[in-house]
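# Analysis of the macromolecular model
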Amino acid sequence: MIGVIGATAAGRRTADHLAGALPGACALDGRPADAVAAAWDRADALVLCMATGAAVRVVATHLRDKHADPAVVDVDDARAFAVALTGGHHGGNDLARAVADALGATPVVTTATDAAGLPALESLGAHLGLRLDPASRPHVAAVAAALLGGERVARWRARPWPTGPLPGAVVDVATPAAPGIAVTDELVAVPAPCLVYRPASLVVGVGASRGAPADEVGGLIDAALADAGLSPLSVAHVATVDRKAEEAGIVAAAAARGWPLVTHPAAALAAVAVPNPSPVVHAEVGTPSVAEAAALVGGGELLVAKRKSATATVAVARRPVRGRLAVVSTGPGAAALVPPLARDALAGADFVVGLDQYVERIRAWLRPGCEVAASPIGDEVARAETAIGAARGGRSVALVSGGDVGVYGMASPALERAGDDVDVVVVPGVTAAVAAAALLGSPLGHDHCAISLSDLLTPYEVIRRRVKAAAEGDFVVSFYNPRSRGRHWQLDEARLLLAEHRPASTPVGLVTDAYRPTQSVTLTTLGTLDTADVGMLTTVVVGNRQTRVVAGRMVTPRGYA
Ligand code: SAH
């Protein structure tokens, strides 16, 4: 029997609903304390529809033994959460989920293996192309327990494939150990409990004569992998030459194994150096090698040289390990303006690089096991190099900066230096001009530009020329870095240059610390702008000749009608 008890009117309505919705449930009347006392020894579980504080108080005096006590689930009056309070492993977690389903609420489950361990290890590194070898599944609980218990867990990687963050006391070791995590594309024996993850590291190159049977092609691939001690779970894709894209035997063999088929032009394959070129193949297909060249076209090392059956050829290569660098925008300030994509990238990072002030803002989204390299303002190049170096060394790196990472941010210094051995993901965000515009109204409704007045990296002559061009072009202008302690006259000069082409009444918006607790928003005009009101963290938005103030809001019309 599941006893359902409500304290308030809202709670009693929830209780009645659950009594009808859950098999074996019945609503118990009376004062909650009395109802709990009466039901404690005969109920399998209790669902208390009241605040957690009240629920904890009414069950506290009865709690004896986690095996004998009924499981207790608590539901708040707003029906937002179903909390497994006690007896999580004795039905409480499942009951919390069932209650949540019945109410459209969120289940809250805090027992460790349910909450943090199993799902996290099942999908560890999934965003980086890792897959848990199903043969390891029976050991997930043991490794999760070791990680969560703070035990030393050994991470062994045959190559520096990134894994993403791992909570707990993880140490890198030179041979597989238990409890541990192994990342390898090879069929190696590991001690128990050790979870084997398969990187998407292998490319299977295939050639075939017309009509080659799928069984023959597939069998040849399987044997090549098995003889070389390679896991089929690490096959990233099957590759061949363009003109074999429709070859049924190849298509079916790849599909049956769940591998994508990638094809390359003969000319691209002809350019790849291979150990076993064939003049006969060259004459026929336009490249001296199909299988080996297709396996190697993306670079890497040949693990299985060309093997043949009657009608097919196969070769296997291991792709070079690629670093993973996410360049992540953190918006102007408020957590609500950190995009979900940025949160995902941060959660998947095991190394975060950024200015200390930005890193502080995003710490909540980092996972246990993530290392942080926060530095004071200054050397952007050094930060970019730290991030790229770490990515090359096999870490999953997030390089963060405020606003949009691509607007006067870290994306350019990083991408100027990242080679094609690093996978780069750029996560966009809300840049200062857009944040300021939203607070001012709609000043960017027509053609606009951004100009940074910082002459740290740009000769001032270039900046002046651009301000003049913006003035002549009648662009709305967002000035970034408008003023700093040692640099104050540039904004005054910019104001005068703009005033040559637009009236003194042109609206100007000053937004300082947008979307932060210290935010300030001021509307002024080109004629009355006092540059002393402008600081390091101000964005200055100057309207064009059509910009007006409507009901206190700065608006640039969409057209010139
Ligand atoms: N990548 C950042 C810009 C960095 S340049 C972005 O996309 O927003 C730094 C300048 O941005 C500051 O001098 C200021 O002009 C502007 N800025 C950054 N954050 C701001 C905020 N919260 N409010 C107003 N202006 C801001």
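Notes on the structure follow. (Residues numbered from 1 in each chain as written. Predicted model: local features only at pLDDT ≥ 70, side-chain atom pairs only at ≥ 80, totals over all residues. Heavy atoms only, no water.)

With that settled, consider the site of the ligand. With respect to spatial proximity, 19 residues lie near the ligand, and among them Val 407, Thr 431, Met 536, Thr 538 and Thr 539 are the closest. For the ligand, a nitrogen atom lies 2.8 Å from a polar atom in the backbone of Ala 514. For the ligand, whose free accessible area comes to 540 Å², the fraction covered by protein is 92%. Because more than half of its atoms lie within 2 Å of the grid, the ligand is assigned to the largest pocket. Formed jointly, the shell around the ligand draws a minimum of three residues from each of two domains, domain 4 (323-430) and domain 5 (433-555). (Near = heavy atom within 4 Å. Polar contact = N/O pair within 3.5 Å; in protein donor to acceptor, adjacent residues only side chain to side chain. Areas by Shrake-Rupley, 256 points an atom, 1.4 Å probe, with all protein chains shown as cover. 1 Å grid on protein atoms, 1.4 Å probe; cavity = no way out; pocket = protein on both sides within 12 Å on 5 of 7 lines; lining within 4 Å. Sits in = over half its atoms within 2 Å of the grid points. Domains from an automatic or database assignment.)

A few words on the layout of surface pockets. Computed from the structure, the largest pocket encloses a volume of approximately 1500 Å³. Forming the boundary of the largest pocket are 44 residues, of which Tyr 358, Glu 380, Tyr 408, Ser 452 and Asn 481 lie nearest the centre. Looking at the lining of the largest pocket, the elements with two or more residues in it are helix 13 (356-362), helix 14 (380-392), helix 16 (432-440), strand 23 (448-452), helix 17 (460-473), strand 25 (507-512) and strand 27 (538-542). The residue makeup of the lining of the largest pocket, split by class, is 21 nonpolar, 16 polar and 7 charged. Counting contributing residues per domain, the lining of the largest pocket is built from domain 4 (323-430) and domain 5 (433-555), each supplying no fewer than three. (Points joined across faces, edges and corners; volume = space filled by probe spheres on them. Helix = DSSP H or I, 4+ residues; strand = E, 2+ residues; numbered from the N terminus. Nonpolar A, V, L, I, M, F, W, Y, C, P; charged D, E, K, R; others polar.)

All right, on to the pattern of salt bridges then. Considering all chains together, one arrives at 19 salt bridges under this definition. Each member of the salt-bridge network shares a partner with another, and the members are Arg 159, Asp 185, Glu 301 and Arg 318. (Salt bridge = Lys/Arg side-chain N within 4 Å of Asp/Glu carboxyl O.)

Further remarks concern the sheet that holds strand 29 (residues 553-555). Pairing is mixed across the open sheet formed by 3 strands, whose spatial order is 22-29-28. Strands with a single pairing partner mark the edges of an open sheet, and in this sheet they are strand 22 (441-442) and strand 28 (548-550). (Pairing = 2+ DSSP bridges.)

At a minimum axis separation of 10 Å, helix 1 (residues 9-21) and helix 4 (residues 92-103) run at an interaxial angle of 105°. Judged by the inter-axis angle, helix 1 sits roughly perpendicular to helix 4. Between helix 1 and helix 4, the residues in contact are Thr 14, His 17, Leu 18 and Ala 21 and Val 99, Ala 102 and Leu 103, respectively. Among the residues forming the contact of helix 1 with helix 4, the class breakdown is 5 nonpolar, 2 polar and no charged. (Axes fitted to C-alpha atoms, helices over the stretch in contact; angles between N-to-C directions. Parallel < 35°, antiparallel > 145°, perpendicular 65-115°, else oblique. Contact = heavy atoms within 4.5 Å.)

We now examine the pairing of strand 4 (residues 71-75). Among the 5 residues that make up strand 4, 5 are buried, leaving the element largely enclosed by the rest of the structure. Along strand 4, one buried face is formed by Ala 71, Val 73 and Val 75 and the opposite face, lined by Val 72 and Asp 74, is buried too. Where strand 3 (residues 45-49) meets strand 4, 5 bridges bridge the pair, whose relative direction is parallel. Within the sheet, the bridge partner assigned to Val 47 lies in strand 4 and is Val 73. The parallel pair strand 3 and strand 4, bridged by helix 3 (residues 52-60), forms a crossover whose chirality is right-handed. (Buried < 20%, exposed > 50% of the residue type's maximum accessible area, 1.4 Å probe, protein only. Right-handed = clockwise from strand over helix to strand, strands pointing away.)

Right, let's talk about the packing of helix 17 against helix 18 (residues 489-499) for a bit. Two numbers describe how helix 17 lies on helix 18: the axes approach to 9 Å, and their chain directions differ by 30°. In terms of orientation, helix 17 lies roughly parallel with respect to helix 18. The two elements helix 17 and helix 18 cross, and the hand of that crossing is right-handed. Together, Tyr 460, Arg 464, Val 467, Lys 468 and Ala 471 of helix 17 and Trp 489, Gln 490, Glu 493, Ala 494, Leu 497 and Leu 498 of helix 18 make up the contact between the two elements. Here the contact of helix 17 with helix 18 is composed, by residue class, of 7 nonpolar, 1 polar and 3 charged. (Left-handed = near helix turned anticlockwise from the far one by under 90°.)

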